[in-house]
Amino acid sequence: MFLLDQWKLVLNKLENEVTAVTFDLWINTLTPIQYANDELILMAPSVTAKNQVKQPGIFEKITKCVRQEFTPYTFVRVTEQKEYEEDIRRQDAELEKMMSETTQIKSKFNKKYTFDSFVVGKSNQVVCAAMQSVAEHPSEKFNPLFIYGGVGLGKTHLLHAVGNYLNEHRPDLNVLYVTCEKFTNDYVESIRNGKDKANGDFRDKYRNVDVLMIDDIQFISNKMGIQEEFFHTFNDLYQNNKQIIIASDRSPKDMSALEERLRSRFSSGLIQDIQEPDYETKVAIIRKKCSQEGYLVDEDVIDFIAQKASTNVREMEGILSKIVFYSSLIGKSHASMEDAHEALKDYGETERTNLDAEKIMNTVCDFFKVTKEDLIGKKKNKEIVEPRQMCIYLINDMLNIPLTAIGEIFGGRDHTTIMHARDKISNQIKVNPHVKTLVNDIKSQLLKY
Ligand code: ADP
Ligand code: MG
């Protein structure tokens, strides 16, 4: 979905949350300009507007609604024209300085994100192997390499791992990492700065790289010739045998706004998905994180996090650090189960750990105005089937119970039926914003504290 469309969904929500005056005068003047690495940047038309929307009461509501539409851990930053332009100018100056120093365009990578620190399990072993082989043999293996998967599953981590590896082993190569938004902004900026010279700069920058990595390509817009420009960049690099790596939250065939020619370019290489980690992998990830950060945590706390947290690794890390932070606050060097409960209570997350199928069913029934008997029963009309599938999806997504057990709850249905229902909703979430909103609404109701 485009950033603007996603923002419109936020606006729809916000309209009911604030006064009409606040909405029309201030909120409606905001423009979303960038969403990357879990940060949404909103541009206000003036300093006054910026200050208005940053008032505690209003800003909290914006954040709340943004988190419902984007991800539950999106940070919102409000900027204003002058400030933003200064930021860009500073970034450009830095880039220019870097280029004049080295005549190379090199991205800096987060040192924490390496192949070593990446835990490999069933869900991600193929992706990880592909990324490793591209890092070891750029332009010789899979080109382009397109990886995709849900939020927080390690795509950005792997891109940085490739970057770190190359910077260490192949310092001769220009490795450039950009988010899709950065690519877009660079291009728009180059047009704004008057055609020829700036456009030349843009091309120089993007076409003089040996390895180009573009993160979150799902935000590629087909406005202002962005896809066109990307297509040319892609072709140039490809023809010169340069490596291209792309990450997305969905597969090229699920990117509805993607031009056919780009889609077919992507499929000329390797397209590989990254799945949600299973229980063992989650435990391994938490252990690794603990040893990396020097956290001392009881075994049962690790098990608890792996059981209760969703499959999103970032969320898992968040829960872990809350627990460790809490235990260190009360002067303990070792976090116990007791600390875990206390820590999450402080953050209002005990509800979540008490979440069960019963609660999810009740909430779904409330939302759709159906009865529990109907949910479990055999009725096949749309009014019942949809809530039933939704409920199955939510139970599967939010609780860690096997499909067969979910089948039991739903009147002894077969696990393949359960799987089908779950997949149906998860596919709909990807293509239908209303379903996504609905799921988020029910979830936030369930996680409310
Ligand atoms: P994505 O880009 O897919 O949304 P990220 O790469 O930002 O996800 O990952 C979110 C967090 O989870 C990061 O801190 C990352 O280090 C961590 N993470 C994800 N998968 C793994 C893994 N398999 N092993 C170790 N850490 C992981
Ligand atoms: Mg990412």
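Structure first, text after, so check above.
Note that the structure is a prediction, hence the values are computed from the model and not measured. (Residues numbered from 1 in each chain as written. Chains lettered and ligands numbered in written order. Predicted model: local features only at pLDDT ≥ 70, side-chain atom pairs only at ≥ 80, totals over all residues. Heavy atoms only, no water.)

## Focus: the nonpolar core
Across soluble globular proteins, nonpolar side chains show a tendency to be buried alongside one another. Counting residues in hydrophobic clusters, the biggest one holds 47 residues, and the most contacted among them are I27, I62 and F230. Apart from residues no more than four positions distant in its own chain, I27 is found in contact with W7, L11, L14, V18, T22, V53, I58 and I62. Y393, L394, F410 and I442 belong to the second-largest nonpolar core, a separate cluster that totals 28 residues. (Core = buried A, V, L, I, M, F, W, Y, C linked by side-chain atoms within 4.5 Å. Buried < 20%, exposed > 50% of the residue type's maximum accessible area, 1.4 Å probe, protein only. Contact = heavy atoms within 4.5 Å.)

## A few points about helix α4 (residues 56-69)
Across its 14 residues, α4 extends 20 Å between first and last C-alpha, which sits within 8% of the 20 Å expected from 1.5 Å per residue. Turning to α4, its buried residues number three or more, namely I58, I62, T63, C65, V66, Q68 and E69. Each element contacted by the buried residues of α4 is listed here: α1 (3-15), α2 (20-25), β2 (39-44), α3 (47-53), β3 (75-80) and α22 (433-446). (Helix = DSSP H or I, 4+ residues; strand = E, 2+ residues; numbered from the N terminus. Expected span 1.5 Å × (residues − 1).)

## Remarks on the side chain of D210
By secondary structure assignment, the location of D210 is in the loop between α9 (195-207) and β6 (211-215). Among the polar contacts made by the side chain of D210, one reaches the main-chain amide nitrogen of N174 at a distance of 2.7 Å. There is a polar contact of 3.1 Å between the side chain of D210 and the side chain of K242. If we skip the residues at most four places from it in the chain, D210 touches D172, L173, N174, K242 and Q243. (Polar contact = N/O pair within 3.5 Å; in protein donor to acceptor, adjacent residues only side chain to side chain.)

## With respect to the pairing of strand β4 (residues 145-148)
Inspection of the sheet shows β4 paired to strand β7 (residues 243-248) by four bridges, in the parallel sense. Across the sheet, L145 pairs through a bridge with I245, a residue of β7. In this structure, β4 lies alongside strand β8 (residues 270-273), joined through four bridges in parallel fashion. From the neighbouring strand, I147 faces β8, where its bridge partner is Q272. (Pairing = 2+ DSSP bridges.)

## A short note on the environment of E136
Of note, E136 is situated in helix α6 (residues 125-136). Judged by its relative accessible area of 40%, E136 is partly exposed. Taking the C-alpha atoms as reference points, E136 and L14, 122 residues apart in sequence, are found 48 Å from one another.

## Regarding the pattern of salt bridges
Opposite charge on two side chains lets them pair, provided their charged atoms get close. Within this structure, the stated rule accounts for 30 salt bridges. One salt bridge connects D87 with R77, and the closest N-O pair in it is separated by 3.8 Å. With D87 in helix α5 (residues 81-102) and R77 in strand β3, this pair connects stretches of sequence that are 10 residues apart. In this structure, D278 and K122 form a salt bridge, with 3.9 Å as the shortest nitrogen-oxygen distance. (Salt bridge = Lys/Arg side-chain N within 4 Å of Asp/Glu carboxyl O.)

## Let's talk about the environment of D300
Looking at the secondary structure, you find D300 in helix α13 (residues 299-308). Exposure remark for D300: the relative accessible area of 40% places this residue in the partly exposed category. Sequence separation between D300 and I286 is 14 residues; the distance between their C-alpha atoms is 12 Å.

## Describing the sheet that holds β8
Across the sheet, five strands lie side by side as β5-β6-β7-β4-β8; this open sheet has parallel pairing. Among the strands making up the open sheet, the edge pair consists of β5 (175-179) and β8. Looking at each pair of strands side by side, their axes are set apart by 15° on average, direction ignored. Of the pairings in the sheet, the one linking β5 to β6 comprises five bridges and is parallel in character. Among the inter-strand pairings, T179 is bridged to a residue of β6, identified as D215. Against the sheet, α6 contacts β4, β7 and β8, and its axis sits at roughly 150° relative to β4. In the packing of helix α8 (residues 180-192) onto the sheet, contacts are made with β5 and β6, and the angle to β5 comes to roughly 95°. (Axes fitted to C-alpha atoms, helices over the stretch in contact; angles between N-to-C directions.)

## Quick word on the packing of helix α17 (residues 357-368) against helix α19 (residues 382-398)
Relative orientation and spacing of two packed helices are given, respectively, by the angle between their axes and the distance between those axes. At a minimum axis separation of 10 Å, α17 and α19 run at an interaxial angle of 145°. Seen along the crossing, α17 lies across α19 with a hand that is right-handed. Here A357, I360, M361, V364 and F368 of α17 lie close against α19, whose contacting residues are P387, M390, C391, L394, I395 and M398. Class assignment of the residues belonging to the contact of α17 with α19 gives a composition of 11 nonpolar, no polar and no charged. (Left-handed = near helix turned anticlockwise from the far one by under 90°. Nonpolar A, V, L, I, M, F, W, Y, C, P; charged D, E, K, R; others polar.)

## Some remarks on a nonpolar patch on the surface
A surface patch of nonpolar side chains, amounting to about 310 Å² of accessible area, comprises F325, L329 and I330. Counting through the fold element by element, I330 comes out in the loop between α14 (313-329) and α15 (337-346). Residue classification places I330 among the partly exposed residues on the basis of a relative accessible area of 44%. (Patch = residues over 30% accessible without salt bridge, like charges linked within 9 Å, V, L, I, M, F, W, Y side chains within 5 Å. Areas by Shrake-Rupley, 256 points an atom, 1.4 Å probe, with all protein chains shown as cover.)

## Some details on the side chain of K155
Counting through the fold element by element, K155 comes out in helix α7 (residues 155-169). Of the side chains bearing the opposite charge, D216 lies closest to the buried K155, which forms no salt bridge; the N-O distance is 5.6 Å. Engagement of the side chain of K155 in a polar contact is seen with the backbone oxygen of G150, the distance being 2.8 Å. Sequence-distant contacts of K155, that is, excluding residues within four places in its chain, are made with I147, Y148, G149, G150, A247, S248, D249 and I274. (Lys, Arg positive; Asp, Glu negative; His and termini not counted.)

## Observations concerning unusual backbone geometry
Here N143 and P144 are connected by a cis peptide whose omega angle stands at -5°. The phi torsion at D216 lies on the positive side, around 55°, for a residue other than glycine. Residue N241 is not a glycine yet carries a positive backbone phi of 60°. Relative to the helices and strands, N241 is located in the loop between α10 (226-239) and β7.

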